[in-house]
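Chain by chain, the residues:
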Amino acid sequence: GAVVSQHPSWVICKSGTSVKIECRSLDFQATTMFWYRQFPKQSLMLMATSNEGSKATYEQGVEKDKFLINHASLTLSTLTVTSAHPEDSSFYICSAGRGTSGRNYEQYFGPGTRLTVT
Amino acid sequence: ILNVEQSPQSLHVQEGDSTNFTCSFPSSNFYALHWYRWETAKSPEALFVMTLNGDEKKKGRISATLNTKEGYSYLYIKGSQPEDSATYLCAFSGAGNNRKLIWGLGTSLAVNP
């Protein structure tokens, strides 16, 4: 159990367009999902924490109007990169939290989305 | 600034060798330490969540230890197999925001048959 899918796995878009990435927990309900970004030779960086039915919490330096997050159900969160620019080209990966927020709280990851903005 | 360091950056071993990697993290405000295995083109897979100083966890040929006082964790692989080839990531969470994971860069392991 604890499978998370992410779609698309890769996308190429033109500068100025918007791209939507979907993250689904397939066999469990996730009240919280997390969106990360990884630039080449850097570690995974948390962008935002998405809670079902409420607004996402963005990390410092992440523009909430540029990276729109919607978590409308317990199994789906979406990240929309609006007006994408080449500097937004990166690897985006989501995770879904399972269980309560105790010490054994675990995050289960999707396979990621490679975004290239031309 | 919270930093998580992993060493070595990469490792090449022969099938059957045993190996280990290090994860260093802040020793104050510790909440949990996570180990993940990430194979190319797949999802990162959770290996261990470690929470108590002195914890030792084992999953098949892989085991991990935790020292929260000095801020390090070791991951051991006994008798490496080619299918162990992957990047091994550790992530720290602090007591202030225990769901936020701070990640290391990972150790890339290649096991030659």
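For the structure, see preceding data.
These numbers come from a predicted model, not from an experiment.

Visitor: Before we move on, can you summarise the interface of chain B and chain A with the specific residues and values?
Guide: Buried accessible area, meaning the area lost when the parts come together, often serves as the stated size of an interface. Opposite the 21 residues of chain B that make contact, chain A presents 25 residues. A buried area of about 1,900 Å², summed over both sides, lies between chain B and chain A, and 56% of it is on carbon and sulfur atoms. In this assembly, chain B and chain A are joined by one salt bridge. The partner of Glu-59 of chain A in a salt bridge is Lys-100 of chain B, and the shortest N-O contact between them spans 2.4 Å. Linking chain B with chain A are four residue pairs in polar contact (both at pLDDT 80 or more). When contributions to the side of chain B that touches chain A are tallied by element, the ones reaching two or more residues are strand S4 (30–38) and strand S5 (45–50) of chain B. The class makeup of the residues in the side of chain B that touches chain A is 12 nonpolar, five polar and four charged.

Visitor: Residue-level account of the sheet that holds strand S1 (residues 5–7) of chain B, with values.
Guide: Residues and elements named next belong to chain B. Read from one edge to the other, the open sheet built from five strands follows the order S1-S3-S8-S7-S6, with strand pairing classed as antiparallel. Of all strands in the sheet, those bounded by a partner on one side alone are S1 and strand S6 (56–59). With direction set aside, neighbouring strand axes in the sheet form an average angle of 15°. In this structure, strand S3 (residues 19–24) lies alongside strand S8 (residues 72–77), joined through six bridges in antiparallel fashion. Its bridge partner lying in S8, Ser-24 is registered against Tyr-72.

Visitor: Give me the lowdown on the environment of Ile-21 of chain A, citing residues and values where you can.
Guide: Residues and elements named next belong to chain A. Topologically, Ile-21 is positioned in strand S3 (residues 19–25). Taking relative accessible area as the criterion, Ile-21 reaches 0% and is therefore assigned buried. For the pair Ile-21 and Gln-38, spaced 17 residues apart in the sequence, the C-alpha separation amounts to 15 Å. With sequence-adjacent residues up to four places away left out, Ile-21 is seen in contact with Gln-6, His-7, Pro-8, Trp-35, Ser-77, Thr-78, Leu-79, Tyr-92 and Thr-113.

Visitor: Run through the state of the cysteines, naming residues and quoting values.
Guide: Counted under the stated rule, the structure contains two disulfides over all chains. Shown here is the disulfide that connects Cys-23 of chain A with Cys-94 of chain A, its sulfur atoms set 2.0 Å apart. Since a negative S-S torsion denotes a left-handed disulfide, the Cys-23 of chain A-Cys-94 of chain A link at about 85° is right-handed. You can see Cys-23 of chain A sitting in strand S3 and its partner Cys-94 of chain A sitting in strand S9 (residues 90–98), a full 71 residues away along the chain. Cys-94 of chain A carries the same exposure label as Cys-23 of chain A, and that label is buried. Here Cys-23 of chain B is linked by a disulfide to Cys-90 of chain B, with a sulfur-sulfur distance of 2.0 Å.

What counts and what doesn't
- Residues numbered from 1 in each chain as written.
- Chains lettered and ligands numbered in written order.
- Predicted model: local features only at pLDDT ≥ 70, side-chain atom pairs only at ≥ 80, totals over all residues.
- Heavy atoms only, no water.
- Contact = heavy atoms within 4.5 Å.
- Buried area = accessible area lost by both parts, 1.4 Å probe.
- Salt bridge = Lys/Arg side-chain N within 4 Å of Asp/Glu carboxyl O.
- Polar contact = N/O pair within 3.5 Å; in protein donor to acceptor, adjacent residues only side chain to side chain.
- Helix = DSSP H or I, 4+ residues; strand = E, 2+ residues; numbered from the N terminus.
- Nonpolar A, V, L, I, M, F, W, Y, C, P; charged D, E, K, R; others polar.
- Pairing = 2+ DSSP bridges.
- Axes fitted to C-alpha atoms, helices over the stretch in contact; angles between N-to-C directions.
- Buried < 20%, exposed > 50% of the residue type's maximum accessible area, 1.4 Å probe, protein only.
- Disulfide = S-S within 2.5 Å.

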